[in-house]
Amino acid sequence: MLSAYPDLDAANLPAHVAIIMDGNGRWAKKRLLNRIKGHEQGTEAVRSIVRTCRELGISILTLYAFSTENWQRPKTEVAALMNLLKRFLESELEEMMNKDIRLNAIGEIERLPEDVRQMLQKTMKSTENNNSMLLNLALSYGGRAEIVRMVREISKKAKNGEIDPDSITSSIVSDHLYTRGMQDPDLLIRTSGEIRISNFLLWQVAYSEIFVTDTLWPDFGKDEFVRILKGYQQRERRFGKVEA
Ligand code: FPP
């Protein structure tokens, strides 16, 4: 099945890949360009990684596209990112339909501008029956905010008697996160060298294999992704247990 990727073991690919796409600004700065050019080039890298994941048969790709903290960037940069996102959704719809990709958004979607929200709703609706891959965009997303929201939801249910506090399990917690029903990421990649989680999927990455590369996001491509997948396949995942 993976004839184009002879070095990869098709039976041992991550089902869920999550990516912290960092370094657009530095990519632009290095070229004396406006930061927005970096985000534009970063969007091209998004297109390429979505295609590669679909080709490989990866079931879920979660991309950290905009964090709750990113609202504090200059207005012009926030507006440019929102515009890029809207254009991306418009331009990719046809390909998502052809390739059977479902789009989903996680985060405080209600904070997004009306036009972006509408485009998101439209794309999610159009792709809702696509099953070959889930493209999850984290938008106005923060891991702590997600946990606070989960605690509120579970507390309300406990208060009105729907949930017994003593019977709350980690699977009940997972079911109250934006990622409910999705398996946790097997692989977390961060570009541009910083070794931090930056408030991304705090609960869900408990046992993810983490790879950090110095490559800036706009330069991140298929070859490097395949190299990381090879590295992933060489790791032994023990989930806190001893070797079998
Ligand atoms: C980090 O680079 C990147 C972001 C804050 C946004 C990521 C957005 C894109 C890749 C483009 C739009 C997304 C989609 C899904 C179409 P940075 O600006 O923090 O870079 P720096 O750390 O070098 O300044």
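Our subject in this report is the structure included herewith. (Residues numbered from 1 in each chain as written. Predicted model: local features only at pLDDT ≥ 70, side-chain atom pairs only at ≥ 80, totals over all residues. Heavy atoms only, no water.)

Attention shifts here to the overall build of the protein. Each helix and strand counted, the protein has 7 helices and 6 strands in total. The order of helices and strands in the protein, counted from the N terminus, is β-α-α-β-α-β-α-β-α-α-β-β-α. The C-alpha radius of gyration computed for the protein amounts to 18 Å, which stays within 12% of the reference 18 Å derived for 244 residues, consistent with globular compactness. For the protein, the proportion of its 244 residues judged to be buried stands at 48%. Partitioning the contacts of the protein with sequence separation of at least 6, the portion at a separation of at least 24 is 76%. Side chains of the protein carry 35 positive and 34 negative charges; the gap between the two charge centres is 5 Å. (Helix = DSSP H or I, 4+ residues; strand = E, 2+ residues; numbered from the N terminus. Rg over C-alpha atoms; globule rule 2.2 N^0.38 Å. Buried < 20%, exposed > 50% of the residue type's maximum accessible area, 1.4 Å probe, protein only. Contact = heavy atoms within 4.5 Å. Lys, Arg positive; Asp, Glu negative; His and termini not counted. Charge placed at Lys NZ, Arg CZ, Asp CG, Glu CD.)

With 13 residues, helix α7 (residues 222–234) should cover 18 Å at 1.5 Å per step; its first-to-last C-alpha distance of 19 Å lies within 8% of that length. Residues Glu-224, Phe-225, Val-226, Ile-228, Leu-229, Gly-231, Tyr-232 and Gln-233 constitute the buried set of α7. Of the surrounding secondary structure, the elements contacted by the buried residues of α7 are β1 (16–20), α2 (35–56), β5 (187–190) and β6 (209–212). (Expected span 1.5 Å × (residues − 1).)

Within strand β4 (residues 133–141), 9 of the 9 residues are buried, which leaves it mostly tucked inside the rest of the structure. Alignment of strand β3 (residues 101–106) against β4, held across 6 bridges, turns out to be parallel. Among the inter-strand pairings, Ile-106 is bridged to a residue of β4, identified as Ala-138. (Pairing = 2+ DSSP bridges.)

A few words now on the side chain of His-176. Locating His-176 in the fold gives a position in the loop between α6 (170–174) and β5. In this structure, His-176 is in contact with Arg-149, Met-150, Glu-153, Ile-154, Lys-157 and Ile-163, ignoring residues within four places of it in sequence.

A separate point is the site of the ligand. Among the 17 residues in the neighbourhood of the ligand, the closest are listed as Asp-22, Gly-25, Arg-26, Arg-35 and Arg-73. Gly-23 places a main-chain nitrogen or oxygen 3.3 Å from an oxygen atom of the ligand. Protein chains shield 92% of the accessible area of the ligand, which is 620 Å² for the free molecule. If you map the ligand onto the pockets, it falls in the largest pocket. When residues of the shell around the ligand are traced back to their parent elements, those giving at least two are α1 (24–30), α2 and α3 (75–98). The greatest single-element share of the shell around the ligand, amounting to 4 residues, is contributed by α2. The class makeup of the residues in the shell around the ligand is 6 nonpolar, 7 polar and 4 charged. (Near = heavy atom within 4 Å. Polar contact = N/O pair within 3.5 Å; in protein donor to acceptor, adjacent residues only side chain to side chain. Areas by Shrake-Rupley, 256 points an atom, 1.4 Å probe, with all protein chains shown as cover. 1 Å grid on protein atoms, 1.4 Å probe; cavity = no way out; pocket = protein on both sides within 12 Å on 5 of 7 lines; lining within 4 Å. Sits in = over half its atoms within 2 Å of the grid points. Nonpolar A, V, L, I, M, F, W, Y, C, P; charged D, E, K, R; others polar.)

What follows is about the side chain of Glu-92. Considering the arrangement of structural elements, one finds Glu-92 in helix α3. There is a polar contact of 3.0 Å between the side chain of Glu-92 and the side chain of Ser-91.

This part is about the sheet that holds β6. Read from one edge to the other, the open sheet built from 6 strands follows the order β3-β4-β2-β1-β5-β6, with strand pairing classed as parallel. The strands lining the two open edges of the sheet, one partner per strand, are β3 and β6. In this sheet, adjacent strand axes meet at a mean angle of 20 degrees when their direction is disregarded. Summarising the sheet, β1 and β5 pair through 4 bridges and their orientation is parallel. Within β5, the position partnered with Ile-20 by the bridge is Arg-190. Packed onto the sheet, helix α4 (residues 114–126) meets β3 and β4 and runs at close to 140 degrees relative to β3. (Axes fitted to C-alpha atoms, helices over the stretch in contact; angles between N-to-C directions.)

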